[in-house]
Structures are given as structure tokens and as C-alpha cells.
Amino acid sequence: MRVPISLHEGLLWNLSSADELKEELIATALPALTENVVVPFTCWSDSCANNNIHPDVFHSATGCLRNLSCSQKKERQAMRQCRGLIDSLMNYVQSCVVEENPDDKSVENCACILHNLTYQLEEESPVCFNKFQPPLEGQVGGRKSPTMGCFSPKSSKTQKEWTVDSVLAMPQDSSPSGVEWLCHPKAMQTYLSLLGTSQKDATVEACCGALQNLTANKGMGSSAMSQILVQKMGALVQIPRLLTSPNSSLQKTAMSLLGNMSRSSNLQPSIAKQILPELTELLSSGPRAMGNSDETMGTACNTVRSLMLADTEVSKRVINNKLVTSLADLSENRSFPKASKAASQLLHSLWDEKSFQGVVKKLGMAKSLFVNDITTAVQRSMQVVE
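Residues numbered from 1 in each chain as written. Predicted model: local features only at pLDDT ≥ 70, side-chain atom pairs only at ≥ 80, totals over all residues. Heavy atoms only, no water.

### Some remarks on the packing of aromatic side chains
For any pair of aromatic rings, the description consists of the separation of the ring centres together with the inter-plane angle of the planes.
Part 1 of the reasoning: Scanning all chains against the criterion turns up four aromatic pairs.
Part 2 of the reasoning: Plain terms: the ring middles of Phe41 and Phe58 are 4.5 Å apart, the flat faces sit at 20 degrees to each other, and that makes the pair stacked. Taken together, the residues Phe41 in helix H2 (residues 19-41) and Phe58 in helix H3 (residues 55-69) connect sequence positions 17 residues apart. Taken as a pair, Phe41 and Phe58 share a single burial class, namely buried.
Part 3 of the reasoning: Considering the side-chain rings of Phe58 and Tyr92, the 4.7 Å spacing of their centres and the 50 degrees angle between planes classify their relative orientation as tilted. Separated by 34 residues along the polypeptide, Phe58 in helix H3 and Tyr92 in helix H5 (residues 85-98) bring together distant segments of the chain. The pair formed by Phe58 and Tyr92 is uniform in burial state, with each residue classed as buried.
Part 4 of the reasoning: Among the aromatic residues, those joined into a cluster by ring pairs are Phe41, Phe58 and Tyr92. (Phe/Tyr/Trp six-rings, centres within 6.5 Å; stacked < 30°, edge-to-face > 60°. Helix = DSSP H or I, 4+ residues; strand = E, 2+ residues; numbered from the N terminus. Buried < 20%, exposed > 50% of the residue type's maximum accessible area, 1.4 Å probe, protein only.)

Structure, rendered in C-alpha cells:
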């Protein structure tokens with residue numbers, strides 16, 4: 001008796017959750033599932049026989065691949081290089097977005113696979129980010145750029161300016177393929193569309209996680225991703241809702257994404273104007289508002305500190321007794337080591353910055369709230385590290 005294909009896919013889905021089997025399944029099941037299920041099911045030409053594959057089979061296949069994508073570098077690279085896989089996953093997700101069907105059950109699997117394949121992408125597949133790198137030896141537009149003043153063509157300032165200008169002028173109508181999809185603006189726009197339309201937390205978290213991965217590295221590629229998201233795609237409108245999500249895992253991912261984007265100094269003023277009021281209100285609400293997550297609170301404090309220093313006028317309007325009291329309590333709370341350290345730094349900086357010091361003095365707050373044994377020790381430890 002011939003075993004129905006759906007049973008094969010279901011069995012593989014179960015087996016793929018076992019870590020000890022993933023390497024073997026990457027070598028055997030990955031190419032088979034991609035070639036026989038994923039590619040034909042997502043092919044929209046008349047020559048494709050996708051009508052012969054039941055949607056449940058595709059769902060099981062992508063469920064298996066979702067498990068396999070939660071692996072090590074070697075396995076991620078094998079999946080990135082699997083012919084037709086990434087193209088097919090993106091085609092399917094984009095078609096569901098166009099058809100206003102963001103909660104299709106297989107969209108979640110596809111989004112999670114793409115999320116996992118973006119993990120450490122700039123380190124593991126740097127070629128994807130080549131278009132965001134400045135020309136070697138100052139070659140811009142085919143001409144050699146002379147050294148001007150203190151800044152050579154290889155200086156960090158020149159590279160940063162080149163990245164910002166080139167990213168914002170980059171056309172989005174190119175046709176990516178394979179691994180190029182993972183950091184392409186079209187993929188990023190698809191993730192943003194799902195952030196705004198999907199009702200499934202797992203799908204939303206996967207899309208947010210993909211963007212977080214793409215902006216996580218401190219290289220120029222991740223900086224370029226942040227420029228695209230903020231200045232070209234208006235991603236900040238999605239952030240406040242995600243930051244207040246009752247799903248602590250989604251909230252943590254969104255906070256990490258915001259922290260990543262806030263590392264780019266040229267983006268900080270616009271981020272401060274749009275996000276700082278909501279972010280400080282969240283901090284003022286105490287640990288429970290952030291799921292008692294040490295990492296989420298720590299990232300929030302560090303992000304607030306960098307944004308406040310970027311736009312002091314906006315910052316003055318959000319400093320109040322509730323915020324300072326909440327930060328003071330957090331700085332003394334040893335249950336949250338990361339958050340305590342970050343809150344102490346933020347408090348110390350509020351007093352160090354003269355324009356902020358004037359605000360807190362008018363509120364009747366004593367210096368000891370900001371500069372004390374705890375905050376001073378943290379500040380000194382950070383100066384040693386720097």
C-alpha cells in the first residue's frame with residue numbers, strides 16, 4: 001500500500017523537532033520538500049502543477065522546514081543556499097498579503113523560517129549586504145575620491161554618509177533572488193505589512209524578529225537596514241503598539257528592534273520625537289508593564305538615554321516625577337541586574353545634562369535621587385569599560 005504524501009510530511013514535521021536528526025534531515029528532507037512541495041505549490045505559472053498539492057501538505061512541509069531552520073550556522077547556510085526555497089517562501093507570503101489573507105496558517109510557518117534565516121545574516125552571509133558598502137578605495141561613480149581635510153574615503157564618517165545617501169536613493173524595483181531576498185527592501189515592506197494586518201502573535205513576532213535580526217549587527221549593513229525602515233518605510237508607526245503588547249516575547253523583540261534602530265545617530269532625533277513619549281510612559285509604569293523582563297527594561301532604559309541626549313527639547317517634556325521615581329526604584333532592584341544598571345546610568349545622565357538638571361530641580365527633586373552610591377558606582381564602571 002502506498003503511503004499518502006500528507007502522512008510523509010506529517011511524520012517529517014514531527015521528526016524535525018529532534019535536534020539530533022536535524023543535520024540528516026537538512027541533507028535529505030530539505031531538498032526533497034523544497035523541490036517536490038514548496039516550489040511547485042508556490043509557482044503561479046500555467047506550467048506548474050501546484051493544483052496537485054493540497055494546502056495541508058504545504059503547511060506540513062513548511063512546519064518541518066520551520067523546525068529545521070531553528071539550527072546552527074551550518075544548517076542555516078544550507079537552507080539559505082537551497083535553490084528555490086527562499087524565493088518560494090517570499091512569493092507565498094507576499095501573495096497572501098496582496099490577497100489580504102495575512103492569517104493564512106502557512107504564512108506563520110513561512111514567516112518563522114524567514115525570521116530564523118535572517119539570524120546573524122550580516123556575519124554569515126556578508127555578500128548580501130555588499131550593495132550597502134561604500135566603493136573600495138574611494139571609487140564613487142567610477143572616479144577616485146580625493147582625501148578631503150581630515151576625512152579619507154575610508155573614514156567612518158565618509159562611510160556613514162555614503163551609506164545614508166545611497167540607501168535612501170536605492171531603487172526598490174530590482175528583482176532579488178535566493179538569499180538576496182532576506183535583506184531586500186521588498187521583504188522588509190512585506191514584514192511591515194504583516195505587522196500591521198496579522199492578528200496572529202506568532203506571525204507578528206516572526207516579522208518583528210526578522211527586522212530585529214537585520215538591524216542587530218553593528219556593521220554598515222544593519223545601519224542601512226535601519227535607515228530604510230525609519231526614513232523610507234515609516235516603520236516607527238508600528239512600534240508603539242508592539243511595545244505595549246501583552247505578549248512579553250513580542251514586546252521584548254519590538255524593544256530590541258527599537259534599540260537597534262536607535263543606535264544610528266542620524267535617526268535618533270526623529271525616533272525621539274515619535275517614540276520617546278510612549279517609551280518613557282512605559283518605563284514609568286513599572287516592571288509589570290514590561291513583563292518583568294530584565295532584558296526588555298534594560299533595553300528600554302538604554303534607548304531612552306540615547307534618545308534623550310539626541311533631542312533635549314522633547315526630553316524635557318517627558319521628564320516627570322513618575323518617571324524618575326520608577327527609575328530610582330528600578331536602579332535599586334537587584335532582581336533585575338541589567339535593568340538596574342541601565343536605570344542607574346539613565347538617572348545619572350539626567351543630572352549630568354545641565355538642561356535636564358534644570359527640569360528636575362523645578363520638579364523639586366533632590367540630587368541624591370540621581371547621583372548616589374548606586375548610580376555613581378555604575379557610572380564609574382562604565383567609564384572604565386569605555
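### What about the pattern of salt bridges?
Part 1 of the reasoning: Scanning the model with the defined rule gives eleven salt bridges in all.
Part 2 of the reasoning: Residue Glu108 is joined to Arg66 by a salt bridge in which the shortest nitrogen-to-oxygen separation is 2.9 Å. Taken as a pair, Glu108 in helix H6 (residues 105-117) and Arg66 in helix H3 lie far apart in primary sequence, 42 residues in all.
Part 3 of the reasoning: What makes Glu108 buried here is its relative accessible area of 16%. (Salt bridge = Lys/Arg side-chain N within 4 Å of Asp/Glu carboxyl O.)

### Digging into the side chain of His59
Part 1 of the reasoning: As for its position among the elements, His59 is in helix H3.
Part 2 of the reasoning: Side-chain polar atoms of His59 contact the side chain of Ser106, separated by 3.5 Å.
Part 3 of the reasoning: Ignoring any residue separated from it by four or fewer positions in sequence, one finds His59 in contact with Trp13, Lys105, Ser106 and Asn109. (Polar contact = N/O pair within 3.5 Å; in protein donor to acceptor, adjacent residues only side chain to side chain. Contact = heavy atoms within 4.5 Å.)

### Regarding empty space enclosed by the protein
Which parts of space are left empty comes out when a probe the size of a water molecule is rolled across the atoms.
Part 1 of the reasoning: On inspection of all chains with the given rule, the structure shows one cavity of 30 Å³ or more.
Part 2 of the reasoning: Of the pockets and cavities examined, the largest cavity occupies roughly 30 Å³.
Part 3 of the reasoning: Lining of the largest cavity is provided by Leu192, Leu195, Leu211, Ala235, Gln238, Ile239, Leu257 and Met261.
Part 4 of the reasoning: Sorting the residues of the lining of the largest cavity by element identifies helix H9 (185-197) and helix H13 (248-261) as the ones contributing at least two each.
Part 5 of the reasoning: When the residues that make up the lining of the largest cavity are grouped by side-chain class, the tally is seven nonpolar, one polar and no charged. (1 Å grid on protein atoms, 1.4 Å probe; cavity = no way out; pocket = protein on both sides within 12 Å on 5 of 7 lines; lining within 4 Å. Points joined across faces, edges and corners; volume = space filled by probe spheres on them. Nonpolar A, V, L, I, M, F, W, Y, C, P; charged D, E, K, R; others polar.)

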